[in-house]
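Structural overview for review
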Amino acid sequence: MGAWSYQHRKAFAHAVGRLLHQPLGTLLSALVVGIALALPAGGFVLVDNVASLARGVTGSPEISLYLSLDATDADVAEVESRLRKQDDLSGVQFVPRDIALKQLADNGLADVLEGLERNPLPHAFIVTPRQEDPALFEQLHQTFTAWPKVDHVQLDAAWVQRMHSLLALVELGVSLLAVLLGAALVIITFNTIRLQILTQRAEIDVTRLLGATDAFIRRPFYWLGCLQGLLGGLVAWTIVTASISLLRGSVEALAQAYGAVFALNGPNPTQVAGLLVVAIALGWLGTALSVRRHLRESE
């Protein structure tokens with residue numbers, strides 16, 4: 001175990017030395033990888049922000065429960081008690097029939113309502129689910145419809161389905177872009193390591209004559225590819241964060257124009273960690289393909 005750790009430390013130091021020995025080439029490779037990774041990474045961050053912006057502009061989807069006209073105060077209390085016990089609801093608002101009638105009158109229908117003998121509006125509850133999953137809305141619709149004295153249940157499922165469909169389409173497009181750019185990065189790493197192998201062909205031949213194994217020869221190249229991927233991931237993180245900072249002011253002004261309070265957020269720690277892991281994995285994959293092929297040819 002100590003020998004294995006020592007060999008990896010030596011290979012890591014050798015790879016770092018290679019990168020520092022060619023600062024311009026290292027910088028250009030990191031920029032190429034970073035720009036390619038910044039496109040899908042920024043796309044996923046913007047999708048999350050667009051989802052938050054859509055909720056801020058349009059409002060959270062709600063479910064309206066209309067009670068029967070003959071519902072008594074005891075019936076209202078029973079329905080409210082059941083709603084308060086629902087763990088998947090984040091808000092419950094009761095709208096008495098008298099308040100609803102007054103709101104209609106304030107909206108310019110006072111002349112029409114004066115001719116009515118009695119209040120035709122029922123008591124109502126407006127509830128807000130904790131999640132915006134269309135399946136949850138349908139489940140709550142079936143639950144509320146089965147309750148006594150609940151005459152009608154109206155939900156914003158259409159709005160939720162449209163928003164989820166649009167976001168799913170955007171996420172699919174960003175995912176396809178990520179796959180294509182990931183394949184391009186593997187090809188770039190493949191060619192970069194290939195050039196490194198060609199420049200060290202004589203050194204590789206000498207180490208083989210001295211009894212070096214293929215694992216020993218491959219190890220520095222693996223570290224080199226992983227470090228190049230890591231540097232590219234850091235560049236991508238910097239690009240996305242800087243872009244979000246530049247766009248934050250304009251996006252917040254646009255949200256305020258629609259009466260919404262919204263702040264454009266950059267990548268969270270989980271997204272940053274995922275970006276770096278993907279970058280390192282792509283660098284390792286391109287390196288593994290290049291090293292195995294060209295070392296086999298050199299044999």
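Rules used in this analysis
- Residues numbered from 1 in each chain as written.
- Predicted model: local features only at pLDDT ≥ 70, side-chain atom pairs only at ≥ 80, totals over all residues.
- Heavy atoms only, no water.
- Helix = DSSP H or I, 4+ residues; strand = E, 2+ residues; numbered from the N terminus.
- Buried < 20%, exposed > 50% of the residue type's maximum accessible area, 1.4 Å probe, protein only.
- Contact = heavy atoms within 4.5 Å.
- Polar contact = N/O pair within 3.5 Å; in protein donor to acceptor, adjacent residues only side chain to side chain.
- Pairing = 2+ DSSP bridges.
- Axes fitted to C-alpha atoms, helices over the stretch in contact; angles between N-to-C directions.
- Expected span 1.5 Å × (residues − 1).
- Arc of directions from axis to C-beta.
- 1 Å grid on protein atoms, 1.4 Å probe; cavity = no way out; pocket = protein on both sides within 12 Å on 5 of 7 lines; lining within 4 Å.
- Points joined across faces, edges and corners; volume = space filled by probe spheres on them.
- Nonpolar A, V, L, I, M, F, W, Y, C, P; charged D, E, K, R; others polar.
- Salt bridge = Lys/Arg side-chain N within 4 Å of Asp/Glu carboxyl O.

Let's talk about unusual backbone geometry
A positive phi angle, near 70°, is found at Lys149, a position not held by glycine. Along the chain, Lys149 falls in the loop between α5 (134-145) and β4 (150-155). Residue classification places Lys149 among the partly exposed residues on the basis of a relative accessible area of 31%.

Considerations on the side chain of Gln228
Considering the arrangement of structural elements, one finds Gln228 in helix α8 (residues 214-257). Dropping the residues within four chain positions of it, Gln228 is found in contact with Leu19, Thr192 and Ile193.

Considerations on the side chain of Thr287
Looking at the secondary structure, you find Thr287 in helix α9 (residues 269-298). Owing to a relative accessible area of 0%, Thr287 belongs among the buried residues under this scheme. At a separation of 2.7 Å, a polar atom in the side chain of Thr287 contacts the main-chain carbonyl oxygen of Gly283. Residues in contact with Thr287, not counting those within four places in the same chain, are Thr189, Ile193, Phe221, Tyr222 and Gly225.

Re the sheet that holds β4
Pairing within the open sheet is antiparallel, and its four strands lie in the order β2-β3-β1-β4. A strand with exactly one partner marks an edge of an open sheet, and here the two such strands are β2 (89-95) and β4. On average, each strand axis in the sheet is tilted by 20° relative to the strand beside it, whichever way the strands run. With five bridges connecting them, strand β1 (residues 63-67) and β4 associate as antiparallel partners. Its bridge partner being in β4, Ser64 is matched across the sheet by Gln154. Sitting on the sheet, helix α3 (residues 73-84) touches β1, β2, β3 (124-129) and β4, and the angle it makes with β3 is about 0°. Contacting β1, β2, β3 and β4, α5 crosses the sheet at an angle of about 170° to β4.

So, α5
Taking 1.5 Å per residue as the helical rise, α5 with its twelve residues ought to reach 16 Å, and the 17 Å between its terminal C-alpha atoms agrees with that figure. Within α5, the full set of buried residues consists of Leu136, Phe137, Leu140 and Phe144. The buried residues of α5 occupy one face: seen down the axis, they fall within an arc of 100°.

Concerning the layout of surface pockets
Regions of empty space are outlined by a rolling probe, equal in size to a water molecule, passed over the atoms. In this structure, the largest pocket spans a volume of roughly 380 Å³. Lining the largest pocket are 19 residues, and of these Pro40, Ala41, Phe44, Leu275 and Val278 lie nearest its centre. The set of elements that each furnish at least two residues to the lining of the largest pocket consists of α2 (23-58), α6 (157-199), α8 and α9. Estimates place the volume of the second largest pocket at around 270 Å³. Around the second largest pocket sit 14 residues that line it, and His14, Glu203, Phe216, Ile217 and Pro220 are the ones nearest its centre. Secondary structure elements with two or more residues in the lining of the second largest pocket: α1 (2-21), α7 (201-209) and α8. Per-class residue counts for the lining of the second largest pocket are seven nonpolar, four polar and three charged.

Here's the deal with the pattern of salt bridges
Applying the stated criterion across every chain yields a total of three salt bridges. A salt bridge links Glu78 to Arg82; its shortest N-O distance comes to 3.2 Å. Of the two residues, Glu78 and Arg82 both sit in helix α3, four residues apart, roughly one turn of that helix. Residue classification places Glu78 among the partly exposed residues on the basis of a relative accessible area of 41%. Taking relative accessible area as the criterion, Arg82 reaches 31% and is therefore assigned partly exposed. Of the charged contacts in the structure, one is a salt bridge between Glu80 and Arg84, with a shortest N-O distance of 3.2 Å.

By themselves, these are just geometric observations and shouldn't be taken as functional.
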